[in-house]
Amino acid sequence: MGSRKTFESHDPMPEEYREILIRLLKVHADTETSVIFPETDWIRSHMNLAPPPEERVIEASIYADELRHGLIFYKLLRELGIEVTVDYFRKERTLDFANVPVETWMDVVLLHFLTEKAGMFQLRDLIGCSYGPLARVIPRITAEENSHTNIGYRHLQRLCRS
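Residues numbered from 1 in each chain as written. Predicted model: local features only at pLDDT ≥ 70, side-chain atom pairs only at ≥ 80, totals over all residues. Heavy atoms only, no water.

Before going further, it helps to examine the overall build of the protein. Across its full length, the protein carries six helices and zero strands. In sequence order, the secondary structure elements of the protein are arranged as α-α-α-α-α-α. Residues classed as buried in the protein amount to 41% of the 162 residues present. When contacts within the protein are restricted to residue pairs at least 6 apart in sequence, long-range pairs at least 24 apart make up 79% of them. For the protein, the accessible surface area stands at approximately 9,200 Å², while carbon and sulfur atoms represent 58% of it. (Helix = DSSP H or I, 4+ residues; strand = E, 2+ residues; numbered from the N terminus. Buried < 20%, exposed > 50% of the residue type's maximum accessible area, 1.4 Å probe, protein only. Contact = heavy atoms within 4.5 Å. Areas by Shrake-Rupley, 256 points an atom, 1.4 Å probe, with all protein chains shown as cover.)

Shown next as structure tokens:
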């Protein structure tokens, strides 16, 4: 089997490859940072729904991870010469899950579990991808996203038993 071509940010790459790569990075950056947009009040509303203080700490930790993941994708875009600003992503919103009404702790738990699980399927496909900078960061991001999925699953189990 022949070796597969891999690319670094400074390498010349086919235009179609570059366009798809940039679109992919934009989607992941948007997904990971959706909680910072002013039209969503996720952090405060979700924290207020968390029953005990321990759950609030877990929520805050998950949000910190998500924002850090977003910063990683922003950095990858910048390395490709794409300047990223909040206004840029306001125009390029790719997902609508941040607009789902969340009224109960069960809503928060279910939404987290389902979105994290879906994200895991998308991110796992990037493990070992041909873009070197992305291939190097994806294992850590998927490990953290898997942890978020497990937290959501444990929350769901607890809520279903009560």
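This part takes up empty space enclosed by the protein. Taken as a whole and judged by the stated rule, the model has one cavity of 30 Å³ or more. There is about 40 Å³ of room inside the largest cavity. What lines the largest cavity is simply Glu-59, Ile-62, Trp-105, Val-108, Val-109, His-112, His-148, Ile-151, Gly-152 and His-155. Among the elements of the structure, α3 (53-79), α5 (105-124) and α6 (132-161) are those that each provide at least two residues to the lining of the largest cavity. Tallied by class, the residues present in the lining of the largest cavity amount to five nonpolar, four polar and one charged. (1 Å grid on protein atoms, 1.4 Å probe; cavity = no way out; pocket = protein on both sides within 12 Å on 5 of 7 lines; lining within 4 Å. Points joined across faces, edges and corners; volume = space filled by probe spheres on them. Nonpolar A, V, L, I, M, F, W, Y, C, P; charged D, E, K, R; others polar.)

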